[in-house]
Number of protein chains: 2
Amino acid sequence: MTEQNLQAADAAERTVAWVDDLIDRFASLSETHGSDGVTRLGYTPLERRAHQVFATFMSDLGLSVHSDTAGNTIAELAGDGRCDGIGTGSHLDSVPHGGRFDGIVGVVAAMLCAQTLTSSGYQPRHPLRFVVFANEEGARFGQACNGSRLAAGTTDAEALGELRDRDGISVLEAMHSVGLDPERLNDARWRREDWDSFVEVHIEQGSVLADGADDIGIVDTISGSTRLRLTVHGVASHSGGTPMLARHDALVSASAIVLAANALARDPEHFGTRITIGRIVASPNSMTTIPGEVTLDVDIRDVDTDRQRQTALALIAKAKELALLHETSLDAHLIADTAPTLLSHRLVELASHETDRLGMVHRVLPSGASHDTQQISHVCETGMLFVPSRHGGVSHSPDEFSRTDDIARGVQVLTGLVKALDLTDRQPRS
Amino acid sequence: MTEQNLQAADAAERTVAWVDDLIDRFASLSETHGSDGVTRLGYTPLERRAHQVFATFMSDLGLSVHSDTAGNTIAELAGDGRCDGIGTGSHLDSVPHGGRFDGIVGVVAAMLCAQTLTSSGYQPRHPLRFVVFANEEGARFGQACNGSRLAAGTTDAEALGELRDRDGISVLEAMHSVGLDPERLNDARWRREDWDSFVEVHIEQGSVLADGADDIGIVDTISGSTRLRLTVHGVASHSGGTPMLARHDALVSASAIVLAANALARDPEHFGTRITIGRIVASPNSMTTIPGEVTLDVDIRDVDTDRQRQTALALIAKAKELALLHETSLDAHLIADTAPTLLSHRLVELASHETDRLGMVHRVLPSGASHDTQQISHVCETGMLFVPSRHGGVSHSPDEFSRTDDIARGVQVLTGLVKALDLTDRQPRS
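Residues numbered from 1 in each chain as written. Chains lettered and ligands numbered in written order. Predicted model: local features only at pLDDT ≥ 70, side-chain atom pairs only at ≥ 80, totals over all residues. Heavy atoms only, no water.

### Digging into the overall build of chain A
At step 1: Helix and strand counts for chain A stand at 12 helices and 15 strands.
At step 2: Rg of the C-alpha trace for chain A: 23 Å, near the compact-globule value of 22 Å for 430 residues, within the 12% margin.
At step 3: Each of the three principal axes of chain A carries a C-alpha extent, and together these read 85 × 45 × 45 Å.
At step 4: Across the 430 residues that make up chain A, the buried fraction comes to 62%.
At step 5: For chain A, the accessible surface area stands at approximately 16,400 Å², while carbon and sulfur atoms represent 50% of it. (Helix = DSSP H or I, 4+ residues; strand = E, 2+ residues; numbered from the N terminus. Rg over C-alpha atoms; globule rule 2.2 N^0.38 Å. Buried < 20%, exposed > 50% of the residue type's maximum accessible area, 1.4 Å probe, protein only. Areas by Shrake-Rupley, 256 points an atom, 1.4 Å probe, with all protein chains shown as cover.)

### Brief notes about the packing of helix α3 (residues 104–119) of chain B against helix α12 (residues 404–423) of chain B
Think of two packed helices as two axes; the pair is described by the angle between the axes and how far apart they sit.
Residues and elements named next belong to chain B.
At step 1: Running from N to C, α3 and α12 cross one another at 60°; their axes reach a closest spacing of 9 Å. Relative to α12, α3 is oriented oblique. Judged by the twist between their axes, the crossing of α3 over α12 is right-handed. In this structure, α3 contributes V105, A109, A110, L112, C113, T116 and L117 to the contact, and α12 contributes I407, V411, L414, T415, V418 and K419.
At step 2: A breakdown of the residues in the contact of α3 with α12 according to their chemical character gives 10 nonpolar, two polar and one charged. (Axes fitted to C-alpha atoms, helices over the stretch in contact; angles between N-to-C directions. Parallel < 35°, antiparallel > 145°, perpendicular 65-115°, else oblique. Left-handed = near helix turned anticlockwise from the far one by under 90°. Contact = heavy atoms within 4.5 Å. Nonpolar A, V, L, I, M, F, W, Y, C, P; charged D, E, K, R; others polar.)

### Section: the interface of chain A and chain B
At step 1: On the chain B side, the residues contacting the 62 residues of chain A number 62 residues.
At step 2: Counting the surface lost from both chain A and chain B, the interface buries some 5,200 Å², and carbon and sulfur atoms represent 60% of this.
At step 3: Our count for the contact surface shared by chain A and chain B stands at zero salt bridges.
At step 4: Inspection of the chain A/chain B interface yields 24 residue pairs in polar contact (both at pLDDT 80 or more).
At step 5: Elements with a contribution of two residues or more to the side of chain A that touches chain B: β7 (224–233), β8 (237–238), α8 (250–266), β9 (274–283), β10 (289–290) and β11 (293–302) of chain A.
At step 6: Broken down by class, the residue content of the side of chain A that touches chain B amounts to 29 nonpolar, 24 polar and nine charged. (Buried area = accessible area lost by both parts, 1.4 Å probe. Salt bridge = Lys/Arg side-chain N within 4 Å of Asp/Glu carboxyl O. Polar contact = N/O pair within 3.5 Å; in protein donor to acceptor, adjacent residues only side chain to side chain.)

### Some remarks on the domain arrangement of chain A
Residues and elements named next belong to chain A.
At step 1: Under the domain assignment used here, chain A contains domain 1 (3–223 + 340–423) and domain 2 (225–337).
At step 2: Computed over C-alpha atoms only, the centres of domain 1 and domain 2 are separated by 34 Å.
At step 3: Contact between domain 1 and domain 2 buries roughly 880 Å² in total, counting both sides, with carbon and sulfur atoms accounting for 48%.
At step 4: Connecting domain 1 to domain 2 are three residue pairs in polar contact (both at pLDDT 80 or more).
At step 5: Partitioned by chemical class, the residues of the side of domain 1 that touches domain 2 number four nonpolar, seven polar and one charged. (Domains from an automatic or database assignment.)

### Let's talk about the environment of D425 of chain B
All names here are of chain B.
At step 1: With respect to the secondary-structure elements, D425 resides in the segment after α12.
At step 2: Sequence spacing of D425 and T44 is 381 residues, and the spatial spacing of their C-alpha atoms is 40 Å.
At step 3: Those residues in contact with D425 that sit more than four places away from it in its chain are R125 and R346.

### Some points on the pairing of strand β4 (residues 128–133) of chain A
Residues and elements named next belong to chain A.
At step 1: Burial analysis of β4 places six of its six residues in the buried class, which makes it a mostly covered element.
At step 2: Of the two faces of β4, the one carrying L128, F130 and V132 and the one carrying R129, V131 and F133 are both buried.
At step 3: Note that strand β2 (residues 73–77) and β4 share five bridges and pair antiparallel. Bridged to T73 within β4 is V132. (Pairing = 2+ DSSP bridges.)

### What to know about the sheet that holds strand β11 (residues 293–302) of chain B
All names here are of chain B.
At step 1: Read across the sheet, four strands follow the order β9-β11-β7-β12 without closing on themselves; strand pairing throughout is antiparallel. Strands with a single pairing partner mark the edges of an open sheet, and in this sheet they are β9 (274–283) and β12 (329–338). Taking the axes of each pair of neighbouring strands and ignoring which way they run, one obtains an average angle of 15° across the sheet.
At step 2: Examined bridge by bridge, β9 and β11 share nine bridges and lie antiparallel to one another. Bridged to I275 within β11 is I300.

### Notes on unusual backbone geometry
Outside of glycine, negative phi angles account for most residues, and trans bonds account for most peptide bonds.
Residue and element names in this part refer to chain A.
At step 1: Following S283, the chain continues to P284 via a peptide bond in cis, the omega torsion being 5°.
At step 2: Its location among the elements puts P284 in the loop between β9 and β10.
At step 3: Here the phi dihedral of E327 falls at roughly 60°; this positive angle occurs in a residue that is not glycine.
At step 4: Tracing the backbone through its elements, the reader meets E327 in the loop between α9 (305–325) and β12 (329–338).

### As for helix α10 (residues 345–357) of chain B
Residues and elements named next belong to chain B.
At step 1: Taking 1.5 Å of rise per residue, the 13 residues of α10 would be expected to cover 18 Å, and the 19 Å separating its terminal C-alpha atoms lies within 8% of that figure.
At step 2: On its buried side, α10 packs onto β5 (195–203), β6 (216–222), β14 (362–367), β15 (381–387) and α12.
At step 3: Two or three places before R346, at the opening of α10, S344 has a side-chain oxygen 3.2 Å from that residue's backbone nitrogen.
At step 4: Where α10 ends, the next residue or the one after it, G359, has phi of about 75°, a positive value. (Expected span 1.5 Å × (residues − 1).)

Set out below in structure tokens:
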């Protein structure tokens, strides 16, 4: 082995140890533990403590760190003063009872990329910015990517005042409660002239890479997501005193709608569409009362904009028909609607070149999940790297799992890609 | 008008005013108000305060009042010392977001019966006992008629230690928290030799009486109830990253089970059976996660014991089949099982005679709902009077409604029936 090879092997071993340590450290900041998974919702004190772990780590590497009014945390390694910034990062919030890797892997990759670059004395031309976005998961307020939306200017204080969690707390109130200043949200907006490009590392949250024995994925498109709240109105009544023929059971209607949504997404015409009803709330939800009202939260994902919207309209029409059939009525309300996003072809090519150089097998694939990168696409060129998910690709679950060596490979490709971007002159903006 | 008629009209007018006043007084003791209905769960401080209102009212009439170790409150008007007791009463707890009349009407009828008898100086042969049973609704712990079960000896401390509410609090812990002494539950047991008969007034919780323009109902049988908890186990996973064909969606299976239960109860073979799935809990219940586990609470009611049990077994078999079909699995757990009850033919006849004497139109009908009287049937002869429910018979809902004049008629028939029972010598026990 040459000395250079030995140093590279040493560095790789150190990266593996750091990956495990950092992932454990973030997993310990959780409302729930062990088989109950990780619960660290957006705009809670636990999410803020996770951002602080990131900030301290980056400060210790000598980077300048600041937190913006959206709650995003940004660490910068200064460039030569003549170029716009290259960014990487992800998020540190989780869904309720989620896994240890979603979002975290991209933040850990950013931290270890910064560590590799600073420890080797790398002097970038472009300022390199390592970013943790706040409140990425839509689980709490129904709309995903809050911090990156504010950075991209795709939401504002008025819209965030409308979004509320199940306790009735609005996004603005939640921000205020963790010491953020929602009065100055415009300060968090990124200016296009400050940014060259942005790359996010994330777990796949599917099993395409593991099934194909690929080392890493390079994302070319991100699915869009249309989110609906369907509320069925029936009549609450006594389970013993009410004959079957006199019932207006909101749960019977809601169940017919769940099955219709499932059938619609499995229909060949809609193949590639995914429809999920992840949340159901029945009222009064008591064993001896026929449910008077049931709310269903629906998430429709597609890489085809038109098909995504058509599916939403078809589902609403079918749900109204089923509600009437079972002698109830239905309200449909649009919670969020994001179109699919095409990522930068240049970044896909640079990333492919980098994985080839490192002797890794990559696959170019679409992302089913939405990501902060989708929002940042409104600001600059963007790319994404996927680390394989194991356990059949399960995510948003305590069973979510990615292997340490796969994550370390993600760090390697990211570091190479950031350097390649730093050395390449940007193509003229269209 | 004769003086006697005038006095009777006066008394009726006073009864009407008292009915409204007492129903308002109990409705004000609630966690929720107005259109959110009444919430006064069993073994909570609010239920205890309602019992105290009853106790004070009865003490003021000169009755001796005591509370037993089950939390039942009993007021006694002494007899001539040679006969066993005649009882009447109902319960004061409610379901979450319930109505103002369920249970309350029977307690108010008992209070105004006592008031009518004491104000006229009536001297009973039998001790007359006016009873409020504790924790009748199955809503909190899954099993109904807790206080009357303890009086009848159809449950015990061991069984009650197993039943828990959704916060994990057992019946025994709940009793302890409101100052009851669950160590001495046997003291609450009624002895057969102390009791002649028991009559409960209750709202119909159905629309048979109102639809038939009847003044009052006389119950001949009470439906049984078999209660199941069905838990579907799937795999929680990301709503974007998981293709439709790779899903194990517990809510899709649960929805198929809800529709199958509804179809089973509407099937001509099971006509008369009622199946309700009143409570559904999905986990993790987040918009962006496929549900990994869903729990359904099922209530199966019938007046035919065999058909009730056969329906429960058929539903479990069908639910297992549907869970497998949708690539999930199912656990079924029996929460409670009560057989249908035949009430006393003698009491039906005495009550019919009393309504005829008062010039009212009555109907003999079965009860779909379960009642404390079902438990007390293990101790002595029992009967029930139904006051018409309006608003289509809706119950366990804020829309539950019975008219004041209908309730006042219930008080009149109850008072007459109690006097008739007091004057009639009991038939030999079989």
